[in-house]
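Inside the fold
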Amino acid sequence: MKGLLPAAERERLLAATLAGSLPDGRGRFGPFGGRYVPETLVPAFERLEEGVRQHLHDASFQDEFRRELRDWVGRPTALTHAPRLSERWGADVWLKREDLAHTGAHKINNAIGQALLAKRLGAKRVIAETGAGQHGVASAAACARVGLPCSVYMGAVDIVRQAPNVDRMRRLGAEVVSVESGDKTLRAAIDEALRAWVTDPDGIYYILGSAVGAHPYPYLVRELQSVIGREARQQMLDQAGGLPDAAFACVGGGSNAIGLFHPLLADDIELVGVEAGGTGPGLGQNAATLATGTPGVLQGSYTVILQDDDGQVQETHSISAGLDYSGVGPEHALLQAIGRVRYISATDDDALAALEELCEYEGILTALETSHAFAAAREWARENSGKRLLIGNSGRGDKDMPTLTKFPAKVRSHAAA
Ligand SMILES: *Cc1c(COP(=O)(O)O)cnc(C)c1O
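All values derive from a computational prediction rather than experimental measurement. (Residues numbered from 1 in each chain as written. Predicted model: local features only at pLDDT ≥ 70, side-chain atom pairs only at ≥ 80, totals over all residues. Heavy atoms only, no water.)

Under the domain assignment used here, the protein contains domain 1 (26–69 + 107–221) and domain 2 (74–105 + 226–416). Domain 1 and domain 2 are separated by 23 Å when their C-alpha centres are compared. The interface of domain 1 with domain 2 comprises 33 residues on the first partner and 35 residues on the second. For the pairing of domain 1 and domain 2, the buried interface totals around 2700 Å² over both sides, and the portion due to carbon and sulfur atoms is 63%. At the junction of domain 1 with domain 2, the criterion picks out one salt bridge. Note that Arg187 is salt-bridged to Glu315, the shortest N-O span being 3.4 Å. The tally of links between domain 1 and domain 2 comes to 12 residue pairs in polar contact (both at pLDDT 80 or more). Elements that contribute at least two residues to the side of domain 1 that touches domain 2 include exactly β2 (32–33), α5 (107–120), α6 (134–146), α9 (186–199) and α10 (217–225). (Domains from an automatic or database assignment. Contact = heavy atoms within 4.5 Å. Buried area = accessible area lost by both parts, 1.4 Å probe. Salt bridge = Lys/Arg side-chain N within 4 Å of Asp/Glu carboxyl O. Polar contact = N/O pair within 3.5 Å; in protein donor to acceptor, adjacent residues only side chain to side chain. Helix = DSSP H or I, 4+ residues; strand = E, 2+ residues; numbered from the N terminus.)

What follows is the structure in structure tokens.
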């Protein structure tokens, strides 16, 4: 989605972005974001917005959040140099290890932050949506930690596809609600969770899982996930001797990417978001929203979405369930429109090859989502030899074993060597 904004407006929004003054008072990132929700949901969103304003940057909330991140999530997560990959790629490669966070991905930063907020707002119970189940697991764990009952809305199709995570959620004390409406996957689960929220906006807190949806969620999730980029920035200075020339992150809804990028926006660093290129460029073959989509409203936010000429939201495809979404967070739509972040895609095959390479050369089984960032970084390294790059390693790949088993591993014999 390029060429949408006049040059002067682009300049103004770039300056506002670098000054950290977005979103504006109406939850807008330039033309994107805002709050497009039915009348019945307005009170719930207004209450949440007020709660965020009151508590999020309050010292006692931040102390508690930092303590939980340290003692329960296991932060700071490591910054790992990748010497063998660096030699292969001809660049200096560093990994920010969100795979080492509790429950195996960055999602826990957001889940525990919002669970703590739910407590402060006096919620009696929590609801959450999940697609692949990763955010459901993080929410279930966070709710157990703070002592709030948790119901996770999940599409009936996903419940079958992601059985191990359904089991994990239940063991962590959550109720899993099967959603039989709509496409019976993530989009329907979000709609159903919103419907449940309306029934008791004072008693229920809704933990949304990515930097998407109506204001204040994209802002709230960014603030909670920015710990990734703040840590990584300092760790690069301490361990690598300087900031990277480029940073890469995969983009589904965009929460790990905005968490890594946001604290780096004002630095002279090339930022690259990598979407799921699926099996090809055709509508329905991928989830490359920013690369191929158009502006529209999805789930309460004006952003870039995958839709046909009649405005019908399209089904998506990706080998990684966590990138398989037809929208993207509104702040990413702006960062693309003002040219601060470049968004590209990597295909299923590229991601699989990158996953194997990282296993073989660094001993890290990364998530299929994350593998898209590696595939793009590898391409970049080819044209930028000797430069320093940082990759957001958003999660671990153990959850992907059922998918990976369909692509048999190489059988090796080392005995004779
Ligand atoms: C869910 C998930 C993603 C995609 O979500 P974002 O909000 O775009 O970060 C990426 N990586 C991993 C490991 C995930 O679990």
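Let's shift gears to the state of the cysteines. Here, the word disulfide means a covalent bond between the sulfur atoms of two cysteines. All chains considered together, the criterion is met by zero disulfides. You can see Cys143 has no disulfide; the closest cysteine sulfur is in Cys150, sitting 3.9 Å from it. For Cys143, a relative accessible area of 1% gives the class buried. Of the cysteine sulfurs around Cys359, a residue in no disulfide, the closest is that of Cys250, at 16 Å. (Disulfide = S-S within 2.5 Å. Buried < 20%, exposed > 50% of the residue type's maximum accessible area, 1.4 Å probe, protein only.)

Time to look at the sheet that holds strand β3 (residues 79–81). Spatially, β3-β4-β14-β9-β10-β13 is the arrangement adopted by the six strands of the open sheet, whose pairing is mixed. The sheet is open, and its two edges are formed by β3 and β13 (341–347), each paired on a single side. Within this sheet the neighbouring strands show an average axis-to-axis angle of 25°, counted without direction. Sheet topology note: the strand β9 (residues 246–250)/strand β10 (residues 270–278) ladder contains five bridges and is parallel. The residue of β10 that forms the bridge with Ala249 is Gly273. Sitting on the sheet, helix α11 (residues 227–240) touches β3, β4 (92–97) and β14 (388–393), and the angle it makes with β4 is about 140°. (Pairing = 2+ DSSP bridges. Axes fitted to C-alpha atoms, helices over the stretch in contact; angles between N-to-C directions.)

Before going further, it helps to examine the site of the ligand. Close to the ligand lie 16 residues; Lys107, Ser210, Gly252, Gly254 and Ser255 are nearest. Take Ser210: an N or O atom from its side chain is 2.6 Å from an oxygen atom of the ligand. When the ligand is considered free in solution it has 380 Å² of accessible area, and contact with the protein chains removes 97% of it. Class assignment for the residues of the shell around the ligand results in three nonpolar, 11 polar and two charged. Among the domains, domain 1 (26–69 + 107–221) and domain 2 (74–105 + 226–416) are the pair contributing at least three residues each to the shell around the ligand. (Near = heavy atom within 4 Å. Areas by Shrake-Rupley, 256 points an atom, 1.4 Å probe, with all protein chains shown as cover. Nonpolar A, V, L, I, M, F, W, Y, C, P; charged D, E, K, R; others polar.)

Turning next to helix α2 (residues 42–55). The terminal C-alpha atoms of α2 lie 20 Å apart, and with 14 residues this matches the ideal 20 Å at 1.5 Å per residue to within 8%. Regarding α2, the residues found buried are Ala44, Phe45, Leu48, Glu49, Gly51, Val52 and His55. When α2 is viewed along its axis, its buried side chains cluster within an angular range of 160° and face the same direction. Turned more than 90 degrees off the buried face of α2, the exposed positions are Arg53 and Gln54. (Expected span 1.5 Å × (residues − 1). Arc of directions from axis to C-beta.)

Taken across its six residues, β4 has five buried, putting it largely inside the fold. One ladder, built from three bridges, connects β3 with β4; its direction is antiparallel. What sits directly across from Thr80, in β4, is Leu95. Direction of pairing for β4 relative to β14: parallel, over a ladder of six bridges. Within β14, the residue paired with Trp94 across the bridge is Leu390.

A few words now on the pattern of salt bridges. In total, this model carries 31 salt bridges according to the counting rule given. The residue Glu49 makes a salt bridge to Arg35 at a minimum N-O spacing of 2.7 Å. Taken together, the residues span a long stretch of sequence, with Glu49 in helix α2 and Arg35 in the loop between β2 and α2 at a distance of 14 residues. Residue classification places Glu49 among the buried positions, given a relative accessible area of 14%.

Quick look at the sheet that holds strand β5 (residues 125–130) now. Taken together, the four strands give an open sheet; going across it, the order is β7-β6-β5-β8, and neighbouring strands pair in parallel fashion. The strands lining the two open edges of the sheet, one partner per strand, are β7 (175–179) and β8 (204–207). Strand-to-strand twist in this sheet, taken as the mean axis angle between neighbours without regard to direction, amounts to 25°. Bridge analysis of β5 against β8 gives four bridges, and the strand direction is parallel. The partner of Arg125 across the bridge, within β8, is Ile204.

Tracing the backbone through its elements, the reader meets Phe61 in helix α3 (residues 59–73). Along the backbone, Phe61 and Leu116 are 55 residues apart, and their C-alpha atoms lie at a distance of 8.0 Å.

One finds Ile112, Trp197, Tyr205, Tyr206, Leu260 and Leu390 to be the most contacted residues of the largest nonpolar core, which totals 102 residues. Here this core spans two domains, since at least three of its residues come from each of domain 1 (26–69 + 107–221) and domain 2 (74–105 + 226–416). Ignoring sequence-local partners within four residues, the contact set of Leu390 consists of Leu79, Trp94, Leu95, Lys96, Ala232, Met236, Pro244, Ala246, Ala247, Phe248, Leu260 and Leu264. If you look at the next biggest cluster of nonpolar residues, it comprises 28 residues, including Ala91, Ala346, Ala375 and Ala381. (Core = buried A, V, L, I, M, F, W, Y, C linked by side-chain atoms within 4.5 Å.)

Now for the packing of aromatic side chains. Evaluated as defined, the whole model comprises eight aromatic pairs. Taking 5.8 Å as the distance between ring centres and 70° as the angle between the ring planes, the aromatic pair formed by Phe248 and Trp380 counts as edge-to-face. Highlighted residues: Phe248 in strand β9 and Trp380 in helix α16 (residues 368–383), separated in sequence by 132 residues. You'll find Phe248 and Trp380 in the same group, each marked buried. Connected via pairs of aromatic rings, a cluster forms that spans Phe45, Trp197, Tyr206 and Tyr217. (Phe/Tyr/Trp six-rings, centres within 6.5 Å; stacked < 30°, edge-to-face > 60°.)

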